[in-house]
Amino acid sequence: MSEADQLKALRVRIDSLDEKILELISDRARCAQEVARVKMLNLQPGETPVFYRPEREAWVLKHIMELNKGPLDNEEMARLFREIMSSCLALEQPLKVAYLGPEGTFTQAAALKHFGASVQSKPMAAIDEVFREVVAGAVNFGVVPVENSTEGAVSHTLDSFLEHDIVICGEVELRIHHHLLIGENTKSANISRIYSHAQSLAQCRKWLDAHYPNVERVAVASNAEAAKRVKSEWNSAAIAGDVAAQLYGLSKLQEKIEDRPDNSTRFLMIGNQEVPPTGDDKTSIIVSMSNRPGALHELLVPFHANGIDLTRIETRPSRSGKWTYVFFIDFVGHHQDPLVKAVLEQLSQEAVALKVLGSYPKAVL
Ligand SMILES: C=C(O[C@@H]1C=C(C(=O)O)C=C[C@H]1O)C(=O)O
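A quick note: this is a predicted structure, and the numbers were derived from the prediction, not measured.

**Q** Sorry, what's going on with the site of the ligand here?
**A** In the vicinity of the ligand, the residues found are Arg28, Val35, Lys39, Phe51, Tyr52, Arg53, Arg56, Glu57, Met85, Cys88, Leu89 and Glu92. Arg53 has a polar backbone atom sitting 3.0 Å from an oxygen atom of the ligand. A total of 360 Å² of accessible area belongs to the ligand in isolation, and the protein chains cover 90% of it. Elements with a minimum of two residues in the shell around the ligand: helix 1 (3-41), helix 2 (54-67) and helix 3 (74-92). Looking at the shell around the ligand, the element that brings in the most residues is helix 3, giving four residues.

**Q** Explain the UniProt feature "domain: Prephenate dehydratase" (unreviewed entry) in the protein chain here, please?
**A** Per the UniProt record, "domain: Prephenate dehydratase" (unreviewed entry) is found at residues 96-272. Along residues 96-272, the helical share is 32% and the strand share 33%, with 13 Å between the first and last C-alpha atoms.

**Q** How should I be thinking about the pairing of strand 3 (residues 141-148) in this particular structure?
**A** With seven of eight residues buried, strand 3 is to be regarded as a mostly interior element. Direction of pairing for strand 1 (residues 96-100) relative to strand 3: parallel, over a ladder of three bridges. Its bridge partner being in strand 3, Ala98 is matched across the sheet by Gly142. Here six bridges tie strand 3 to strand 11 (residues 264-271), and the two strands are oriented antiparallel to one another. Of the residues in strand 11, the one forming a bridge with Asn148 is Thr265. The pairing of strand 3 with strand 4 (residues 152-153) spans two bridges and is antiparallel.

**Q** Just checking my understanding: could you explain the domain arrangement of the protein chain for this structure?
**A** In many analyses, interface size is given as the accessible surface area lost on bringing the parts together. Splitting the protein chain by domain gives domain 1 (19-39 + 48-93), domain 2 (96-175 + 265-273), domain 3 (179-262) and domain 4 (274-361). Taking the mean C-alpha position of each, domain 3 and domain 4 sit 39 Å from one another.

**Q** What is the right way to look at the UniProt feature "domain: ACT" (unreviewed entry) in the protein chain in this model?
**A** The UniProt entry lists residues 284-361 under the feature "domain: ACT" (unreviewed entry), expressed in the numbering used here. Structurally, residues 284-361 is divided into 31% helix and 38% strand, and its ends, taken at the C-alpha atoms, are 12 Å apart.

**Q** So what exactly am I meant to see when it comes to unusual backbone geometry here?
**A** Apart from glycine, the bulk of residues carry a negative phi angle, and the bulk of peptide bonds sit in the trans form. Following Gly70, the chain continues to Pro71 via a peptide bond in cis, the omega torsion being 10°. In this structure, Pro71 sits in the loop between helix 2 and helix 3. Between Gly101 and Pro102 the backbone carries a cis peptide bond, its omega angle lying at 5°. Along the chain, Pro102 turns up in the loop between strand 1 and helix 4 (106-115). Phi is positive for Asn235, close to 55°, though the residue is something other than glycine. Assignment of secondary structure puts Asn235 in the loop between helix 9 (223-232) and strand 9 (236-240). A relative accessible area of 25% places Asn235 in the partly exposed class. Phi at Lys256 is positive, roughly 45°, even though this residue is not glycine. Inspection of the secondary structure puts Lys256 in the loop between strand 10 (251-254) and strand 11.

**Q** I'm lost on the packing of helix 1 against helix 3 in this one. Help?
**A** A pair of packed helices can be characterised by two numbers: the angle between their axes and the separation between those axes. Where helix 1 contacts helix 3, the axes come no closer than 8 Å and their chain directions differ by 40°. Here helix 1 is positioned oblique relative to helix 3, judged by the angle of their axes. As helix 1 packs across helix 3, the resulting crossing turns out to be right-handed. In this structure, helix 1 contributes Ile25, Arg28, Ala29, Ala32, Gln33, Val35, Ala36 and Lys39 to the contact, and helix 3 contributes Ile84, Met85, Cys88, Leu91 and Glu92. Considering only residue class, the contact of helix 1 with helix 3 consists of nine nonpolar, one polar and three charged.

**Q** Sorry if this is basic, but what is going on with the packing of aromatic side chains here?
**A** Here the distance between the centres and the angle between the planes together describe a pair of aromatic rings. All chains considered together, the criterion is met by six aromatic pairs. Centroid distance Phe131 to Phe161: 5.0 Å. Interplanar angle 85°. Geometry classified as edge-to-face. In this pair, Phe131 sits in helix 5 (residues 127-135) while Phe161 sits in helix 6 (residues 155-163), placing the two residues 30 residues apart along the sequence. For the pair shown, Phe131 and Phe161 are each scored as buried. Among the aromatic side chains, those forming a connected cluster through ring pairs are Tyr52, Phe115 and Phe141.

About the thresholds
- Residues numbered from 1 in each chain as written.
- Predicted model: local features only at pLDDT ≥ 70, side-chain atom pairs only at ≥ 80, totals over all residues.
- Heavy atoms only, no water.
- Near = heavy atom within 4 Å.
- Polar contact = N/O pair within 3.5 Å; in protein donor to acceptor, adjacent residues only side chain to side chain.
- Areas by Shrake-Rupley, 256 points an atom, 1.4 Å probe, with all protein chains shown as cover.
- Helix = DSSP H or I, 4+ residues; strand = E, 2+ residues; numbered from the N terminus.
- UniProt positions renumbered as here; feature names shortened; annotations may be inferred.
- Buried < 20%, exposed > 50% of the residue type's maximum accessible area, 1.4 Å probe, protein only.
- Pairing = 2+ DSSP bridges.
- Domains from an automatic or database assignment.
- Axes fitted to C-alpha atoms, helices over the stretch in contact; angles between N-to-C directions.
- Parallel < 35°, antiparallel > 145°, perpendicular 65-115°, else oblique.
- Left-handed = near helix turned anticlockwise from the far one by under 90°.
- Contact = heavy atoms within 4.5 Å.
- Nonpolar A, V, L, I, M, F, W, Y, C, P; charged D, E, K, R; others polar.
- Phe/Tyr/Trp six-rings, centres within 6.5 Å; stacked < 30°, edge-to-face > 60°.

Structure (structure tokens):
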């Protein structure tokens, strides 16, 4: 058979498979509409329907990854299903999600990775504004960065948890690649300023020291903001990611300039909705202990005694007295698990204050 004939035959097969996929996706979408109808039918008076179910979505993605036999890899396949679910959920209820903007930030990329592209996303100018938007009920969820593998905690986010009553509903991790970007009127030899967010400048510190030791580094509100400035400003460069580069039409002078190749950021989904256990969950709590010898030891003993895996512990000033602290602790398990319940009960006896920020499925994607 000639190449043209072979391609023709294969394309006939692809067309017929696409038609089947189309039919199946439409069937699935109709099922989701039916789910919405059932959820509305069984509402108690005064109750609002819960359309978005993160625990169910996590299960669906994991199930697909378990069944997948290739040639597409698990992540790629889950990404496709992520988008199908996002479209199905939008038929039930289009989710409104606030994120740390402006458009083009890594937080926006994290929001899309977690919820899919069918959400209505709303950029906010500051982390605290994302929290306030969720508390006010103007959006269903918010997305904020919480820690970076190179630079550590995002303290604005931790501090906002002290000020707002909010539930953590999910987490997502994003590999962060930074590029040195310039506009069309800038020549590399003439760069006199480099703009970026302070975290991004810190994540590229060694590279900047080696390549632009004498160029002024200017911290701005976000790396998308840096990209926006550089578009209209001569002889300056921005450090930002792919989305911002595309959005503002900048070219890459150098790709992947982050000091650590595994540079990643973890983001949290915040809302008002408690998430039921999936069997593969994490819990975040805030604890404050009285300032006495052995307090930190007492805080950690119940975790060790019950074999609970701590994934993170962070200290912040408590804001209620000088040199007093609160601990942000993440651990594996759900607050409804009997073992976790026992730990939390033990802790609440030792602690001055204890607040469960939320239990949520471990990041799937
Ligand atoms: C269909 C449902 O509603 C939403 C859509 C889902 C989907 O498309 O699979 C999964 C969970 C919910 O976010 C459901 O609750 O099962």
